[in-house]
Amino acid sequence: MRHLLFQLPLLLASTALAAACPVAKDLGDGIRLTQTPAYTAVFRRDPSGAVIESESAEGGGSYNYVMYNGLLETAFFELDPSQKAPRGRDRFHYSFALEDVFPLKPWTGQTGIQTHYDADWTLIAQSNFGYRVLSADQLEIGDCTYDRLPVETYIVGADGARMVTFGYLPDLGLSVLMGYQESDGSRTTFEPVSIAAIE
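Residues numbered from 1 in each chain as written. Predicted model: local features only at pLDDT ≥ 70, side-chain atom pairs only at ≥ 80, totals over all residues. Heavy atoms only, no water.

Trainee: It is not clear to me how the pattern of salt bridges should be interpreted in this structure. Could you clarify?
Mentor: Two side chains with opposite charge may pair up if their charged atoms get near one another. With the rule as written, the count across this model stands at 4 salt bridges. A salt bridge links arginine 148 to aspartate 137; the nearest nitrogen and oxygen atoms lie 2.8 Å apart. With arginine 148 in strand β10 (residues 144–157) and aspartate 137 in strand β9 (residues 137–141), the pair connects residues that are 11 residues apart, well separated along the chain. Under the relative-accessibility criterion, arginine 148 is labelled buried at 15%. A salt bridge links glutamate 182 to arginine 162; the nearest nitrogen and oxygen atoms lie 2.5 Å apart. With a gap of 20 residues between them, glutamate 182 in strand β12 (residues 174–182) and arginine 162 in strand β11 (residues 160–169) connect regions that are remote in the sequence. (Salt bridge = Lys/Arg side-chain N within 4 Å of Asp/Glu carboxyl O. Helix = DSSP H or I, 4+ residues; strand = E, 2+ residues; numbered from the N terminus. Buried < 20%, exposed > 50% of the residue type's maximum accessible area, 1.4 Å probe, protein only.)

Trainee: How do you make sense of unusual backbone geometry when you look at a structure like this?
Mentor: Backbone phi values are negative for most residues with the exception of glycine, while trans is the configuration of most peptide bonds. Backbone torsion omega between phenylalanine 102 and proline 103 reads 0°, so that peptide bond is classified as cis. Mapped onto the elements of the fold, proline 103 is located in the loop between β6 (90–94) and β7 (109–117). Here the phi dihedral of asparagine 69 falls at roughly 50°; this positive angle occurs in a residue that is not glycine. Positionally, asparagine 69 belongs in the loop between β4 (62–68) and β5 (72–79). Judged by relative accessible area, which is 29%, asparagine 69 ranks as partly exposed.

Trainee: What's the story with the packing of aromatic side chains in this structure? I'm lost.
Mentor: Aromatic rings in a pair are described by how distant their centres are and how their planes are angled relative to each other. Considering all chains together, one arrives at 10 aromatic pairs under this definition. On the numbers, 5.1 Å between centres and 65° between planes, the contact of tyrosine 94 with phenylalanine 129 is edge-to-face. You can see tyrosine 94 sitting in strand β6 and its partner phenylalanine 129 sitting in strand β8 (residues 123–133), a full 35 residues away along the chain. Taken individually, tyrosine 94 and phenylalanine 129 each receive the classification buried, so the pair is uniform in this respect. (Phe/Tyr/Trp six-rings, centres within 6.5 Å; stacked < 30°, edge-to-face > 60°.)

Trainee: Help me out: how do you make sense of the state of the cysteines in this one?
Mentor: Per the stated rule, a full pass over the model turns up 1 disulfide. Cysteine 21 shares a disulfide with cysteine 144; S-S distance 2.1 Å. Between cysteine 21 and cysteine 144, the S-S torsion sits near -100°, and that sign places the bridge as left-handed. Placement of cysteine 21 in the loop between α1 (2–19) and β1 (31–36) and of cysteine 144 in strand β10 is noted, with a sequence separation of 123 residues between them. (Disulfide = S-S within 2.5 Å.)

Trainee: Please explain the environment of proline 150 as it appears in this structure.
Mentor: Along the chain, proline 150 turns up in strand β10. A relative accessible area of 12% means that proline 150 is categorised as buried. Between the C-alpha atoms of proline 150 and glutamine 138, which are 12 residues apart in sequence, the distance is 9.4 Å. Those residues in contact with proline 150 that sit more than four places away from it in its chain are Arg132, Val133, Leu134, Ser135, Ala136, Asp137 and Phe166. (Contact = heavy atoms within 4.5 Å.)

Purely spatial values, then, with no claim about function.
Okay, structure coming up:
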């Protein structure tokens, strides 16, 4: 009994710590993620079920990425400080069915075509697109630990090739940008620092 009483405060403390980590329902009000080098993003789920990742733009406003199931980008729009709603949005279409991508499983992938349109449905670009899911592991963000599925996406178009790496967190339904590599071999990596629910 003494042992259990001694352990009880530790158990309560660990439970409180775990409760501080965001969960999927927190996407309603938003989840804030900070990374190094300096990068902050806010994730929210919109009424359609898509996840919108917003990052601050220079001079105010924001860049916003609409992602199917929190991973594959389907639209992009900018907001300046004077706007409450976007004037239009770029759209991304894929030659494969997005609903067939989920649930993600390790060592699966797909290739196809990504088509990029502007807000007026004018074709901007068509690129070869592919992704592959690697072995599941865990991602530590501050005091929080989440199951992760690393995902590599590949885009090859007229302006070169790029590989972007994400950490998909199934328990949250969102993906964390981990880095990218350009066609010239240059790499940029991001390290998650903290994650918190917006109250």
